[in-house]
Amino acid sequence: MLCDNISRGSDGALYFAGQSVNALADRYGTPLYLMDEDRIRQNCRMYLSAFRASFGEDALPLYASKAAAFRRMYRIMAEEGMGVDAVSPGEIRTALSAGFPAEKIYYHGDGKTEADIRFALENGVGCFVVDNGDELISLSEAAARGVRQKVLLRITPGIDPHTYHAINTGAVDVKFGVPVETGQAMEFVRAALHMPRLDVAGLHCHVGSMVFDEDVFLRTVDLMVGFMADVRDELGFVFRELDLGGGYGVRYTDDDPAADIPARIGEVSSRLRKRLEEASLPMPRFLLEPGRSIVADAGMTVYTVCSVKRIPGYKSYVITDGGMTDNPRYCLYGATYTVLHAAPRGRLRAIFDLAGRCCESGDIIQPAISLPAATARGDRIAVCTTGAYNYSMASNYNRFGRPPVVMLRGGESYLAVKRESVEDVLALDL
Ligand code: LLP
């Protein structure tokens, strides 16, 4: 199986985190997001122990909560001792309402409004990751006299991570951060250092998501340390934190490689130590912002088949009660997924496009997948590895409500996010 929390019973029935997928679908209805809480915690511990081993007690993995943001998730992160990367007042409020400590929130985003900045300051958010010069000025003006707001400065090292264009964030011409290559990053740092209300703690960069190529992170280390040395030489300033963002890839299908994250972190650590030593710079506090690799393999989405359509000589569709509203990733990125029948019957298999029920022919969850030829209305279909960027990117297109999130823990299940009803959606209409 793709991941060790997915298994089949002797009758072929599908289990996730040791629980019957059909039984969960009967109990909670479909479409349904399942989240394996034990796996989320294991993934956090994997990062925490790799960080301790490679960088010492001080280093902190920040869960990039855009991957899956709801109250219970922030509670788990607080319990595991993780930090959090939040990108909006909505994520910050959700974290705070779950009792997540404000000082462990790193506040990202390239378009913070005055109101956003005020909100985060008033709520004691630990660190702003400042994206650009306009934000720097607004933040410095808004920060209270006498209190120095800790900031990281986001720079763009100019690295192509060879991932989908839409999630390539490290190249020079992207909308995030301030580029090193053009000389603007140096001016950004200079400006920040002249702002007495800002405590410039360190640098941030994020080169992309779904990255498997280890060389990307090693080259990022080289560039960042090079820039840190340039800042020391030109401005006489030494950073005390370094945040290399998120990005480790996960396995969506058997064709994807398995990333050995602790080994990768070990390699980053060795390279960083080497480069810092060459530049005679001290070791900064090390931060990463993993999102996908914390939650993706903890997720599964379950659908009920609404119809099976066979178009002889062309193709066949399995049409489900979900679609691009709960998983827009194939539509957006051509993302691949592993699709499993929850209770397969018969030996014969056939190729189908797994479609949703939105009024749009592009509403495909995954094309050309193999399922039992006998697949019929009422059957349950599971899409694996949907823990990251599925619930968090869901929409109300066609006025479908978002599915609930059910957590699986130690053989039990509980509701973490309720199903969104049409009444919930209607509540905003005047
Ligand atoms: N830090 C920053 C500044 C980021 O922009 C991101 C992701 C992360 C951390 C977490 O990266 P991860 O470890 O999850 O790769 N919606 C897309 C992914 C967009 C990623 C955006 N930024 C998808 O569904 O594939």
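Note that the coordinates shown come from a computational prediction; the quantities given were computed from them, not determined experimentally.

Caption draft 1: Up close: the packing of helix H8 (residues 214–235) against helix H9 (residues 261–278). Here H8 crosses H9 at 25 degrees, and the two axes come no closer than 10 Å. Considering the angle they form, H8 stands roughly parallel to H9. H8 and H9 meet at a crossing whose hand is right-handed. On the side of H8, the interface is formed by Glu214, Phe217, Leu218, Val221, Asp222, Val225 and Met228, while H9 contributes Arg264, Glu267, Val268, Arg271, Leu272, Arg275 and Leu276. Tallied by class, the residues present in the contact of H8 with H9 amount to eight nonpolar, no polar and six charged.

Caption draft 2: Inspection of empty space enclosed by the protein at higher detail. Per the stated rule, a full pass over the model turns up one cavity of 30 Å³ or more. What the largest cavity holds in volume is close to 30 Å³. Looking at the largest cavity, the residues that line it are Tyr33, Met35, Phe70, Thr386, Gly387, Tyr391 and Val405. Its residues assigned to classes, the lining of the largest cavity comprises five nonpolar, two polar and no charged.

Caption draft 3: How the structure looks around the packing of helix H2 (residues 37–55) against helix H3 (residues 71–80). Here H2 crosses H3 at 40 degrees, and the two axes come no closer than 10 Å. The angle between the axes of H2 and H3 places the two elements in the oblique class. The element H2 and its partner H3 pack so that their crossing is right-handed. Contact with H2, carried on its side by Glu37, Ile40, Arg41, Cys44, Arg45 and Leu48, involves Arg72, Met73, Ile76, Met77, Glu79 and Glu80 of H3 and no other residues of that element. Broken down by class, the residue content of the contact of H2 with H3 amounts to six nonpolar, no polar and six charged.

Caption draft 4: Layout of the site of the ligand. Taken together, the neighbourhood of the ligand is formed by 20 residues, with Ser209, Glu289, Arg292, Arg329 and Tyr389 sitting nearest. A distance of 2.9 Å separates an oxygen atom of the ligand from a polar atom in the backbone of Gly247. With the chains in place, 92% of the 590 Å² that the ligand exposes on its own is no longer accessible. Both of domain 1 (6–36 + 296–426) and domain 2 (108–290) provide at least three residues apiece to the shell around the ligand.

Caption draft 5: Geometry of the pattern of salt bridges. In this structure the tally under the stated criterion is 33 salt bridges. Residue Glu234 pairs with Arg190 through a salt bridge whose shortest N-O separation is 3.1 Å. Residue Glu234 is found in helix H8, and its partner Arg190 is found in helix H7 (residues 184–193); the two are separated by 44 residues along the sequence. By relative accessible area, Arg190 is classed as partly exposed at 28%. Glu267 is the salt-bridge partner of Arg264, the closest N and O atoms lying 3.0 Å from each other. One end of the pair is Arg264 and the other is Glu267, both in helix H9 and three residues apart, which spans about a single turn. Glu267 sits in the partly exposed class, given a relative accessible area of 31%. When salt bridges with common partners are traced through the structure, they connect Glu37, Arg41, Arg45, Arg72, Arg75, Glu79, Glu80 and Arg409 into a single cluster.

Caption draft 6: Geometry of the layout of surface pockets. Space inside the largest pocket adds up to approximately 700 Å³. What lines the largest pocket is a set of 33 residues, among which Lys66, Val87, Phe176, His206 and Tyr389 lie closest to the centre. Elements supplying a minimum of two residues to the lining of the largest pocket: helix H4 (89–97), helix H10 (292–295) and helix H11 (329–333). By residue class, the composition of the lining of the largest pocket is eleven nonpolar, twelve polar and ten charged. Of the pockets and cavities examined, the second largest pocket occupies roughly 360 Å³. Surrounding the second largest pocket, 17 residues form its lining, Arg39, Val250, Arg251, Ala259 and Asp297 being those nearest its centre. Residue composition of the lining of the second largest pocket, by class: eight nonpolar, five polar and four charged.

Basis of the calculations
Residues numbered from 1 in each chain as written. Predicted model: local features only at pLDDT ≥ 70, side-chain atom pairs only at ≥ 80, totals over all residues. Heavy atoms only, no water. Axes fitted to C-alpha atoms, helices over the stretch in contact; angles between N-to-C directions. Helix = DSSP H or I, 4+ residues; strand = E, 2+ residues; numbered from the N terminus. Parallel < 35°, antiparallel > 145°, perpendicular 65-115°, else oblique. Left-handed = near helix turned anticlockwise from the far one by under 90°. Contact = heavy atoms within 4.5 Å. Nonpolar A, V, L, I, M, F, W, Y, C, P; charged D, E, K, R; others polar. 1 Å grid on protein atoms, 1.4 Å probe; cavity = no way out; pocket = protein on both sides within 12 Å on 5 of 7 lines; lining within 4 Å. Points joined across faces, edges and corners; volume = space filled by probe spheres on them. Near = heavy atom within 4 Å. Polar contact = N/O pair within 3.5 Å; in protein donor to acceptor, adjacent residues only side chain to side chain. Areas by Shrake-Rupley, 256 points an atom, 1.4 Å probe, with all protein chains shown as cover. Domains from an automatic or database assignment. Salt bridge = Lys/Arg side-chain N within 4 Å of Asp/Glu carboxyl O. Buried < 20%, exposed > 50% of the residue type's maximum accessible area, 1.4 Å probe, protein only.

It is worth stressing that arrangement in space is one thing and function is another; only the former is reported here.
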